[in-house]
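Chain residues, written in single-letter form:
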Amino acid sequence: MKALRKWSRILHRDIGFFFIGTTILYGISGIALNHLSDWNANYSVEINEFKTELNLNNSPNVKENILVLLDKIDNSKNYKKHYYPNSNKLKIFLKGGSSVVVNTKNGYGRAEYLKRRFLIYQANYLHYNPNRLWTWFSDAFAAALILFAITSLFMLKGKKGIRGRGGIYTLLGIVIPILFLWYYI
Amino acid sequence: MMKKIVLMLAVIAAIISCKNETKKTEAVQKENEVAVVETPEILIGEFDAKAGDFVSKEVKIQGIVDHVCKHSGKKLLVVTDDGSIHVTSDVRFDDKIKGNEISLIGTVLENKIDESYCLKMEEDNIKSHSEGASNKEQFENKKKHIQQYRDAMKAENKEYISEYSLQYVSHSIVE
């Protein structure tokens, strides 16, 4: 038992140090992605409303006027594509995911500029498992989480260990998800 | 005698192997013929009218990516001036694809919408709103959407209406 306790501490501590960065990264993106209905987790959105006198009705030469408009409100070099969702509405796509919508009848428009959220965008990118190499690394991280859970049972003895306060916390941590499942499924 | 039998067997073996070779060549040729069959292309504006003829078959479309699902990253809305198509995929799309014009191959999926489907949608809508998963605007929009389905069934005097979408196979960027 003494050896098990000793090794539990060593593994928990050293592997824990190794995965500190990954744990914080998954924690940040976990919270960000949990609230996708409430906010855009990858981009901050800046809105710019404007009015234009340019003729932006659907015609073969309209792209010229679109580029003039973009130079006024943004930069024509950011132009990607455009289309008309209906006869009065023009949507222009810009590089970087931003877009502009213009009412071609009255000239009122709204530009939506997207800016990547620093750190959260990158954390979300990794959380979504972008490639095979990251799959291996994140599998190792997941295995380490299981190891942390198991080793934590043996790290301490006495009142603060699994036979005391630690045991109550462990039970609570198991009962809460079970209660949740029981209620919702 | 023995020599003659061996010779005969050798000749038979040669003939059989030649025949197999010919069959193999024919099979490869057939495979190649299958491979060169072009995927039919449908204009997005004509998709709803024509998709019924291509259910479970692959078709090619071309349009601009208007939207990538921010939750899963596995749904696209591909648009042109004349209409739009929903595309679902097993793989995630990078949101950089938004605003690109793409040529996409996908398998046509048919979703039959009837009264029981509308009732299920209604139930899910109420549940997700009561749990705070959707806001008032989203709740009201879904309600309107369900009513549109019912109105369409009534207008066409049918027990169900078909909605078509694509299951993603591949795509390329159109410059």
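Draft legend 1. Here's a closer look at the packing of helix α3 (residues 115–130) of chain B against helix α4 (residues 136–156) of chain B. Residue and element names in this part refer to chain B. Interhelical geometry of α3 versus α4 gives an angle of 175° and a closest axis separation of 10 Å. Classified by the interaxial angle, the pair formed by α3 and α4 is roughly antiparallel. Along the contact surface, α3 presents C118, M121, E122, N125 and H129, while α4 presents F139, K142, K143, I146, Y149 and R150. Residues of the contact of α3 with α4, tallied by class, amount to five nonpolar, two polar and four charged.

Draft legend 2. The environment of K105 of chain A, seen in detail. Along the chain, K105 of chain A falls in the loop between β4 (99–103) and β5 (108–116). Sequence separation between K105 of chain A and S87 of chain A is 18 residues, and the spatial gap between their C-alpha atoms is 9.0 Å.

Draft legend 3. Broad picture of the confidence of the model for chain B. With 79% of its residues at a pLDDT of 70 or more, chain B has an overall mean of 84. Across the interface, the model reports ipTM at 0.72; the global pTM reads 0.72.

Draft legend 4. Seen up close, the sheet that holds strand β2 (residues 75–80) of chain B. All names here are of chain B. A barrel is described by the order of its strands in space; here five strands give the closed sequence β1-β2-β3-β5-β4, paired in mixed fashion. On average, each strand axis in the sheet is tilted by 55° relative to the strand beside it, whichever way the strands run. Inspection of the sheet shows strand β4 (residues 101–114) paired to strand β5 (residues 160–173) by 13 bridges, in the antiparallel sense. Its bridge partner lying in β5, K112 is registered against S162. Along the sheet, α4 contacts β4 and β5; its crossing angle with β5, the most-contacted strand, is approximately 115°.

Here is what the cut-offs are and how they apply
- Residues numbered from 1 in each chain as written.
- Chains lettered and ligands numbered in written order.
- Predicted model: local features only at pLDDT ≥ 70, side-chain atom pairs only at ≥ 80, totals over all residues.
- Axes fitted to C-alpha atoms, helices over the stretch in contact; angles between N-to-C directions.
- Helix = DSSP H or I, 4+ residues; strand = E, 2+ residues; numbered from the N terminus.
- Parallel < 35°, antiparallel > 145°, perpendicular 65-115°, else oblique.
- Contact = placed C-beta atoms within 7 Å.
- Nonpolar A, V, L, I, M, F, W, Y, C, P; charged D, E, K, R; others polar.
- pLDDT = per-residue confidence, 0-100.
- Pairing = 2+ DSSP bridges.

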